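Survey of secondary and tertiary structure
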Amino acid sequence: MSDSIPMTRDGYNKLRQELDRMEQEEMPVIVARIADARAEGDLKENAEYHGARESQGLLQARINELKAKLSRAAIMDASTGPQDEVRFGVRFQVKRLSNEMTEEYELVGAGEEDFDEGKVLSTSPLGRGFMGKKVGQIAEIEVPAGLLKFEILTIGE
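The paragraphs below set out a description of the structure included in this document. Sequence order as written defines the numbering, with residues in each chain counted from 1. Reporting of local features is limited, given that this is a predicted model, to residues whose pLDDT is at least 70; pairs of side-chain atoms are given and counted only at 80 or more, and all residues count toward the totals for whole chains, interfaces and linings. Remark: hydrogens and water are excluded; side-chain values derive from all non-hydrogen atoms of the structure.

We now examine the side chain of Ser-122. Summarising the element assignment, Ser-122 is placed in the loop between strand 5 (119–121) and helix 3 (125–130). The criterion used for residue contact is that any of the two residues' heavy atoms lie within 4.5 Å. Setting aside chain neighbours within four positions, we find Ser-122 in contact with Pro-6, Phe-88, Leu-107, Val-108, Gly-127, Arg-128 and Met-131. A run of H or I in DSSP becomes a helix once it reaches four residues, and a run of E becomes a strand once it reaches two; helices and strands are each numbered from the N terminus.

Written as structure tokens, this is what we have:
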């Protein structure tokens, strides 16, 4: 399996902006907090210093995570590929067979997922289960809560 991370151009740009903001705005503030705390003397009992260093560590970890995602990004074009099957970047409608409820989803890349808006990460179990299905087919998807079954109703409408 490839270690690339599928995403749209918008998703890539969103992550890039977040990374830039962290590096250009947030990190300098934390570095200044550390310098101010250092100037106060004894670092062993300086809570401000230790708090700022912890914040720096957490922010650096998030920066490293974003850099790793961006370096493995594979920009996907939703307009390519078969038009009659569920694929990356295309909205589709399903019926959950357990309760007959209709739901609408779109398979998206890292940084774009938002379950409340029906944007499901394409590499998630749900995303992988829908990928490639055609209208009328049943998607059986194993998730931690159990087996979910969906009928594909429409694609790209």
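There's more to say after this.
As a further point, take the pattern of salt bridges. A carboxyl oxygen of Asp or Glu within 4 Å of a side-chain nitrogen of Lys or Arg is what we treat as a salt bridge. Going through the model one piece at a time under the given rule, you end up with 14 salt bridges. When salt bridges that share partners are traced, they join Glu-18, Arg-62, Glu-65 and Lys-69 into one network.

This part takes up the sheet that holds strand 6 (residues 138–143). Strand pairs in the sheet, formed through backbone hydrogen bonds, run parallel or antiparallel to each other. Strand order in the open sheet made by the 5 strands is 5-4-3-7-6, with mixed pairing throughout. In this open sheet, the two edge strands, each paired with only one partner strand, are strand 5 and strand 6. Taken over all neighbouring pairs, the strand axes of this sheet differ in orientation by 45 degrees on average, direction set aside. Paired strands, as defined in this entry, are two strands with at least two bridges between them according to DSSP. Note that strand 3 (residues 91–96) and strand 7 (residues 146–155) share 5 bridges and pair antiparallel. Pairing of Gln-93 across the sheet is with Thr-154, part of strand 7. Each axis is a line fitted through C-alpha atoms, and for a helix only the stretch in contact is used; angles between axes span 0 to 180 degrees, taken between their N-to-C directions.

Read these as layout, nothing more, since geometry by itself doesn't imply function.
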